[in-house]
Amino acid sequence: MATIRLGDVAPNFTADTSQGEINFHEWLGDSWGVLFSHPADYTPVCTTELGTTAKYKDEFDKRNVKVAALSVDGVESHKGWIVDINETQHTTVNFPIIADEDGKVANLYDMIHPNANSKLTVRSLFIIAPDKTVKLIITYPASTGRNFDEILRVIDSLQLTAYQKVATPANWQAGDDCVIVPAVSNEEADKLFPKGYKEVKPYLRMTPQPN
Ligand code: BEZ
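Since we're looking at a predicted model, the values are computed, not measured. (Residues numbered from 1 in each chain as written. Predicted model: local features only at pLDDT ≥ 70, side-chain atom pairs only at ≥ 80, totals over all residues. Heavy atoms only, no water.)

Undergrad: What exactly am I supposed to notice about the packing of helix α2 (residues 44–55) against helix α4 (residues 75–89) here?
TA: The interhelical angle for the contact between α2 and α4, taken along N-to-C directions, is 75°, at an axis separation of 9 Å. On the basis of the axis angle, α2 is roughly perpendicular to α4. Two secondary-structure elements touch here, α2 through Cys 46, Thr 47, Thr 48, Leu 50, Gly 51 and Lys 55 and α4 through Trp 81, Ile 85, Thr 88 and Gln 89. When its residues are assigned to classes, the contact of α2 with α4 shows four nonpolar, five polar and one charged. (Axes fitted to C-alpha atoms, helices over the stretch in contact; angles between N-to-C directions. Helix = DSSP H or I, 4+ residues; strand = E, 2+ residues; numbered from the N terminus. Parallel < 35°, antiparallel > 145°, perpendicular 65-115°, else oblique. Contact = heavy atoms within 4.5 Å. Nonpolar A, V, L, I, M, F, W, Y, C, P; charged D, E, K, R; others polar.)

Undergrad: Whenever I open this one, the layout of surface pockets confuses me. Can you help?
TA: Counted as a void, the largest pocket has a volume near 180 Å³. Residue lining of the largest pocket: 14 residues in total, with Lys 57, Asp 61, Val 65, Lys 66 and Val 67 positioned closest to the centre. For the lining of the largest pocket, the elements supplying multiple residues, two or more each, are α3 (57–62) and β4 (65–71). Counted by class, the lining of the largest pocket contains six nonpolar, five polar and three charged residues. (1 Å grid on protein atoms, 1.4 Å probe; cavity = no way out; pocket = protein on both sides within 12 Å on 5 of 7 lines; lining within 4 Å. Points joined across faces, edges and corners; volume = space filled by probe spheres on them.)

Undergrad: Can you help me understand the site of the ligand in this one?
TA: Neighbouring residues of the ligand: Pro 39, Thr 43, Pro 44, Val 45, Cys 46, Arg 123 and Ala 142. Here an oxygen atom of the ligand and a side-chain polar atom of Thr 43 are 3.0 Å apart. At 2.6 Å, a backbone N or O of Val 45 approaches an oxygen atom of the ligand. For the shell around the ligand, the element with the highest residue contribution is α2, accounting for three residues. Looking at the shell around the ligand residue by residue, the classes come out as five nonpolar, one polar and one charged. (Near = heavy atom within 4 Å. Polar contact = N/O pair within 3.5 Å; in protein donor to acceptor, adjacent residues only side chain to side chain.)

Undergrad: Where do I start with helix α6 (residues 148–161) in this structure?
TA: With 14 residues, α6 ought to run about 20 Å at 1.5 Å a step, and its terminal C-alpha atoms sit 20 Å apart, in line with that. Residues of α6 that are buried include every one of Phe 148, Ile 151, Leu 152, Arg 153, Val 154, Ile 155, Asp 156, Ser 157, Leu 158, Gln 159 and Leu 160, and no others. (Expected span 1.5 Å × (residues − 1). Buried < 20%, exposed > 50% of the residue type's maximum accessible area, 1.4 Å probe, protein only.)

Undergrad: What am I meant to see in the side chain of His 38 here?
TA: Along the polypeptide, His 38 turns up in the loop between β3 (32–37) and α2. Residue classification places His 38 among the buried residues on the basis of a relative accessible area of 0%. Within the structure, His 38 has its side chain in polar contact with the side chain of Asp 41 (distance 3.1 Å). Sequence-distant contacts of His 38, defined by excluding residues within four places in its chain, comprise Cys 46, Glu 49, Leu 50, Ala 69, Leu 70, Ser 71, Trp 81, Ile 97, Thr 121, Val 122, Arg 123 and Arg 146.

Undergrad: What is the right way to read the packing of aromatic side chains from this model?
TA: What describes a pair of aromatic rings is the distance from one ring centre to the other and the angle between the planes of the rings. Following the criterion strictly, the structure yields six aromatic pairs and no others. Both rings, one in Tyr 109 and one in Phe 126, keep their centres 5.0 Å apart while their planes meet at 70°; by these two values the pair is edge-to-face. On the criterion of sequence distance, the pair formed by Tyr 109 in the loop between α5 (104–108) and β6 (123–128) and Phe 126 in strand β6 is long-range, its members being 17 residues apart. No difference in accessibility class separates Tyr 109 from Phe 126, as the two residues are buried. One aromatic cluster is present, built from ring pairs that chain together Phe 13, Phe 24, Trp 27, Tyr 109 and Phe 126. Sitting over the ring of Trp 27, Lys 66 keeps its end group 5.2 Å from the ring centre. (Phe/Tyr/Trp six-rings, centres within 6.5 Å; stacked < 30°, edge-to-face > 60°. Lys NZ or Arg CZ within 6 Å of the ring centre and 35° of its normal.)

Undergrad: I tried to follow the domain arrangement of the chain on my own but got confused; where do I start?
TA: In terms of domain boundaries, the chain breaks down into domain 1 (14–146) and domain 2 (164–207). Centre-to-centre separation of domain 1 and domain 2, based on C-alpha positions: 35 Å. (Domains from an automatic or database assignment.)

This is the structure we're talking about:
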């Protein structure tokens with residue numbers, strides 16, 4: 001079992017999926033990635049999560065993000081369940097579901113939390129940048145489905161802050177004002193942020209979203 005921390009390179013692996021075998025890093029290519037586990041196929045919350053993910057394809061595509069799901073079920077199970085997801089969630093699953101029957105990938109990413117469940121993956125989610133480093137890790141219990149609007153919101157923040165010297169405040173949504181990072185002096189801020197900024201406190205400077 002490995003511990004993955006922010007900034008680490010996402011472990012690479014080869015695995016069978018509902019769309020054929022993938023080498024994870026090669027499959028990601030130059031895209032951002034979301035890798036997320038669910039406890040098991042043919043379960044209710046997971047069915048809604050994977051259906052929601054499929055419906056958000058355009059949003060992920062707009063952001064140059066590839067998505068892969070994972071559980072410790074096999075390919076045939078995934079393929080059968082996809083039929084149900086498509087039917088019940090009124091969508092078409094359009095991303096690979098990794099078949100991790102031996103738990104190899106789950107162990108690499110520490111997705112099995114034995115005190116929650118000794119065999120099944122929890123709801124882990126990793127956002128991976130094009131340089132393959134891990135930018136976000138969240139873990140939800142089996143009982144709580146994830147909020148995929150929040151995943152898109154975080155991707156927007158990560159993609160903005162990767163290129164601009166800003167950070168995004170609490171409850172920020174794309175288009176809202178941002179904060180200027182503390183390492184930027186006021187002199188530099190004058191040059192970097194031509195839309196101007198408001199100094200609420202020397203350490204709290206708000207500026208319109210710069211891009
Ligand atoms: C679900 O996806 O609904 C689920 C999976 C495992 C335990 C509880 C709920």
